[in-house]
Amino acid sequence: MNTIMRWVRHYVSPIFLAFLVAAFFLWYIAKLSYTYSTRQDVVVEVDGVPIEVTCVVEGVGTNLFRYRAYMNKKLKVELKDLVYEVCHDEGHEGKIRIEPKSLQSAIAVHLSDIKVLSVDAVPEIDIPEKKE
């Protein structure tokens, strides 16, 4: 290990290394200002029932990075704000099938600085109990 450090100090200037690190960070910050599209898992709580859906989102890199790094909370959506149908198929009785476009619109309201392009398959949920 000492021989490597001696070689680095002898052949590579510490100022060069400092500028190299600074250039990398500036390049990374510049790349974050571009617009990107990516898949993002979002936890949505529909009247107390948590579901996880995968969305395709588009936004500036800094907003996407901030969402991915700091947003660990559930998005609360009320069932009355969604378009859904009650399933009557065999084995699916008592379940609700939510329309993906309506869930996309509800998620987009909560993610104001990120554009939600699409929502993948939405799992069926149990009919929530009414609170009195």
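Predicted model, so just to flag it, every value in this text is computed and none were measured.

Visitor: Tell me what's going on with the sheet that holds strand 5 (residues 95–98), and back it up with residues and numbers.
Guide: With respect to topology, 3 strands assemble into an open sheet ordered 4-5-7, the strand pairing being antiparallel. The strands lining the two open edges of the sheet, one partner per strand, are strand 4 (84–86) and strand 7 (125–126). Where strand 5 meets strand 7, 2 bridges bridge the pair, whose relative direction is antiparallel. When the sheet's bridge partners are listed, Ile 96 is paired in strand 7 with Ile 125.

Visitor: Outline helix 4 (residues 100–110), supporting the account with residue identities and numerical values.
Guide: All buried positions along helix 4 are accounted for by Ser 102, Leu 103, Gln 104, Ala 106 and Ile 107. Taken together, the buried residues of helix 4 touch strand 1 (35–46), strand 2 (49–60), strand 3 (75–77), strand 5 and strand 6 (115–119).

Visitor: Go over the pairing of strand 1, please, and point to the residues and values.
Guide: Examined bridge by bridge, strand 1 and strand 2 share 12 bridges and lie antiparallel to one another. Across the sheet, residue Thr 38 finds its bridge partner in strand 2, namely Val 57. Here strand 1 pairs with strand 3 via 3 bridges, running parallel. Note on strand 3: the bridge partner recorded for Val 44 is Leu 75.

Analysis parameters
- Once a new chain begins, its residue numbering starts again from 1 and follows that chain's sequence as written.
- pLDDT decides what is reported in this predicted model: residues at 70 or higher carry local features, side-chain atom pairs at 80 or more are listed and counted, and totals for whole chains, interfaces and linings draw on all residues regardless.
- The side-chain numbers reported here are obtained from all heavy atoms of the structure, hydrogens and water having been left aside.
- Two strands form a pair only when DSSP identifies at least two bridges running between them.
- Numbering goes from the N terminus for both helices and strands, where a helix is a DSSP run of H or I of at least four residues and a strand is a run of E of at least two.
- Partly exposed residues are those whose accessible area sits between 20% and 50% of the maximum for their type, while under 20% is buried and over 50% is exposed, using a 1.4 Å probe and protein chains only.
- Two residues form a contact once any of their heavy atoms are found within 4.5 Å.

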